[in-house]
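Read off the chains here:
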Amino acid sequence: MSRAAQVKPLARCFSSLGRLTSRITWAGRSSAWEEALLLLSQVQSGRLRPDATCFSAAMSSCGWAERWMEALILFQEMLQSGIVADA
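Just so it is clear, the structure is predicted and the values come from calculations on it, not from any experiment. (Residues numbered from 1 in each chain as written. Predicted model: local features only at pLDDT ≥ 70, side-chain atom pairs only at ≥ 80, totals over all residues. Heavy atoms only, no water.)

(A) Highlighting unusual backbone geometry. The phi angle at Ser-31 is positive, at roughly 60°, despite the residue not being glycine. Here Ser-31 lies in the loop between helix H2 (17–29) and helix H3 (33–44). Looking at Ser-31, the relative accessible area reads 63%, which means it is exposed. Not every positive phi belongs to a glycine, and Glu-66 is a case in point at roughly 60°. By secondary structure assignment, the location of Glu-66 is in the loop between helix H4 (52–64) and helix H5 (68–80). Judged by its relative accessible area of 59%, Glu-66 falls in the exposed class. (Helix = DSSP H or I, 4+ residues; strand = E, 2+ residues; numbered from the N terminus. Buried < 20%, exposed > 50% of the residue type's maximum accessible area, 1.4 Å probe, protein only.)

Next up, the structure:
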């Protein structure tokens, strides 16, 4: 079973955005950038709403994997969602 398939229901298990953001950060540092993106996409369609910190964790995950285009796409999505980048 692929790692992405194993994480599929994971986003629903998190009761707080902070815990989910920590999981996204862990995924990125574990070279699982695809898992980080999957978690972010799941939370976007769920009851939690990602904030700048959550998007930043996902963008960092892409950066650690040298997936720069994906990081830029996430940044654009964040801005289009009306989320202001932290200064």
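(B) Molecular detail of the side chain of Thr-21. The topology assignment puts Thr-21 in helix H2. Owing to a relative accessible area of 10%, Thr-21 belongs among the buried residues under this scheme.

(C) Looking closely at the environment of Ala-58. Note on placement: Ala-58 falls in helix H4. Beyond its immediate sequence surroundings of up to four residues, Ala-58 is in contact with Ile-24, Leu-37, Leu-40 and Leu-74. (Contact = heavy atoms within 4.5 Å.)

(D) Spotlight on H4. The end-to-end C-alpha separation of H4 is 18 Å, in line with the 18 Å expected for 13 residues at 1.5 Å each. Where H4 is concerned, the buried positions are Ala-52, Cys-54, Phe-55, Ala-57, Ala-58, Met-59, Ser-61, Cys-62 and Gly-63. The elements touched by buried residues of H4 are H2, H3 and H5. Capping the start of H4 is the job of one residue whose side-chain oxygen sits 3.2 Å from the backbone nitrogen of Thr-53: Asp-51. Following H4 by one or two positions, Glu-66 has its phi on the positive side, about 60°. (Expected span 1.5 Å × (residues − 1). Polar contact = N/O pair within 3.5 Å; in protein donor to acceptor, adjacent residues only side chain to side chain.)

(E) The arrangement of the packing of H2 against H3 in detail. Running from amino to carboxyl end, H2 crosses H3 at an angle of 155°, the nearest separation of the two axes being 7 Å. Taken as axis vectors, H2 and H3 run roughly antiparallel relative to one another. Like other packed secondary-structure pairs, H2 and H3 cross with a definite hand, here left-handed. Counting all contacts with H2, which are made through Leu-17, Leu-20, Arg-23, Ile-24, Trp-26 and Ala-27, the residues of H3 involved are Trp-33, Glu-35, Ala-36, Leu-39, Leu-40 and Val-43. (Axes fitted to C-alpha atoms, helices over the stretch in contact; angles between N-to-C directions. Parallel < 35°, antiparallel > 145°, perpendicular 65-115°, else oblique. Left-handed = near helix turned anticlockwise from the far one by under 90°.)

(F) How the structure looks around a nonpolar patch on the surface. Nonpolar side chains collect at one region of the surface, where Met-69, Leu-72 and Ile-73 lie side by side and expose about 310 Å² of accessible area between them. As for its position among the elements, Ile-73 is in helix H5. Judged by its relative accessible area of 39%, Ile-73 falls in the partly exposed class. (Patch = residues over 30% accessible without salt bridge, like charges linked within 9 Å, V, L, I, M, F, W, Y side chains within 5 Å. Areas by Shrake-Rupley, 256 points an atom, 1.4 Å probe, with all protein chains shown as cover. Salt bridge = Lys/Arg side-chain N within 4 Å of Asp/Glu carboxyl O.)

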